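One-letter residues, chain by chain:
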Amino acid sequence: MSPRTLPDDETMYRALVRKDPEYDGVFVTGVRTTGIFCRSVCTARKPRRENVVFFTDAREALLAGYRPCRVCHPLEARGAPPAGIRALLDEIERDPALRFKDAEIRTRGVDPVSLRRWFKKHHGFTFHSYLRALRVGAAFGRIAHGDRTIDAAFAAGWESTSAFSDAFKKLAGVVPSGARDGALVKVTRIPTPIGPMLAGATEKGICLLEFADRRMLPTQLTRVKRLLKAALLPGTSPFFARVSEELDRYFAGALRTFTVPLDAAGTEFQQRVWAMLRTIPYGETRSYGEQARLIGMPDAVRAVARANGDNRIAILIPCHRVVGSNGSLTGYGGGLWRKRWLLEMERGQRVLC
């Protein structure tokens, strides 16, 4: 197994002191005086420089005798909810019409304040806003399949059709009657070892899978809405469980080919480029020039690179496997460190616990 190149120690120590999220997943830090290891974003008191040692991943730190930090939990997938919140989300997934008051949340062993903070941090909205969005999504589906607006409103738990219409328009972007002709994209977050990803699904398959901190994510969401003529709402989909399970196996090194259905809307040229991306074998790379030649357009290297960047389904359509003509890593929407991380994992240079 060939060694992996880390940033220099001073860069990593500065990242640790700043709790820099850009380096979360690039390295973990062992603290000699306590025997624990942490993520770069750990909020615990920072150790002195001479007491720090850096490792490529949790496995290296464990083999060196260090214990995982109880503050930043370096063995957990980034963005994974705590057990109590996970159980609450599972309950809601079984019945999206559920409503919870703070007292009911406490009976499930979850602190309402912590729940609000977790949702705000990881989703950008509150828990109760999430419940409202789920109910609107369920009503959208009912109306799209022929139910009357009033029936959909009552089934989703609204006692007033005017309040339902106001919430529906605010969240879905259309009045309830517009759901009859529109499509709906359900969205959720999926934790991974290198950061949470935002997944979107239509009735056909996964149409979006992007890292949640990608700067272009708002633009990609707008494109999905325009291309699919769809509203985007938090919700559940059978494709989410499947893609989450396949991603878990992929990051564990047990899966090389994804089988979850995709719904990748794009131009004919983009479709050709994305289809060719899916032929790049696991653990291998191709240049943009090679991709252009393989689709029969050797002079279209720049256009191929643009289509590569327009890919909205990361990892499943493996644009991270395309490199420069000299083998150098080039742009990647999720960040070059993630591109390097994925390629090293696929080549066996990085092993997850």
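You'll find the structure just up there.
Report follows, based on the coordinates. It should be emphasised that the depicted structure is a prediction, and the values quoted were computed from it without experimental measurement.

## Details of empty space enclosed by the protein
Across all of its chains, the model carries one cavity of 30 Å³ or more by this definition. Its volume calculated, the largest cavity comes out at about 40 Å³. Lining the largest cavity are Cys-207, Asp-263, Ala-264, Ala-265, Trp-274, Asn-311, Arg-312, Ile-313 and Ile-317. Broken down by class, the residue content of the lining of the largest cavity amounts to six nonpolar, one polar and two charged.

## Considerations on the layout of surface pockets
As a volume, the largest pocket reaches approximately 1200 Å³. Taken together, the elements giving at least two residues each to the lining of the largest pocket come down to helix H3 (83–94), helix H5 (112–123), helix H6 (127–144), helix H8 (161–172), strand S5 (183–190), helix H9 (217–228), strand S8 (230–234) and helix H10 (238–251). Per-class residue counts for the lining of the largest pocket are 24 nonpolar, 10 polar and eight charged.

## A look at the sheet that holds strand S2 (residues 36–38)
Pairing within the open sheet is mixed, and its four strands lie in the order S3-S1-S2-S4. Pairing within the sheet leaves two strands with one partner each, and these edge strands are strand S3 (52–55) and strand S4 (67–68).

## Some remarks on the sheet that holds strand S7 (residues 206–211)
Each strand in a sheet pairs with another by means of backbone hydrogen bonds, the pair being arranged parallel or else antiparallel. Pairing within the open sheet is mixed, and its four strands lie in the order S7-S6-S5-S8. What marks the edges here is a single partner per strand, and that holds for S7 and S8. Taking the axes of each pair of neighbouring strands and ignoring which way they run, one obtains an average angle of 25° across the sheet. Bridge count for S5 against strand S6 (residues 197–201) is five bridges, and the pairing is antiparallel. When the bridges of S6 are listed, Thr-188 appears paired with Ala-199.

## Considering the packing of helix H11 (residues 268–277) against helix H13 (residues 301–309)
A packed helix pair is summarised by two numbers, namely the angle formed by the two axes and the spacing between the axes. Two elements in contact, H11 and H13, have axes separated by 9 Å at closest approach and are oriented at 80°. With respect to H13, the axis of H11 lies roughly perpendicular. Side by side, H11 and H13 meet where Phe-269, Gln-270, Val-273, Trp-274 and Leu-277 of the first sit next to Ala-303, Val-304, Ala-307 and Asn-308 of the second. Grouping the amino acids of the contact of H11 with H13 by side-chain chemistry returns seven nonpolar, two polar and no charged.

Cut-offs applied
- Residues numbered from 1 in each chain as written.
- Predicted model: local features only at pLDDT ≥ 70, side-chain atom pairs only at ≥ 80, totals over all residues.
- Heavy atoms only, no water.
- 1 Å grid on protein atoms, 1.4 Å probe; cavity = no way out; pocket = protein on both sides within 12 Å on 5 of 7 lines; lining within 4 Å.
- Points joined across faces, edges and corners; volume = space filled by probe spheres on them.
- Nonpolar A, V, L, I, M, F, W, Y, C, P; charged D, E, K, R; others polar.
- Helix = DSSP H or I, 4+ residues; strand = E, 2+ residues; numbered from the N terminus.
- Pairing = 2+ DSSP bridges.
- Axes fitted to C-alpha atoms, helices over the stretch in contact; angles between N-to-C directions.
- Parallel < 35°, antiparallel > 145°, perpendicular 65-115°, else oblique.
- Contact = heavy atoms within 4.5 Å.

All we've got here are geometric facts, nothing functional implied.
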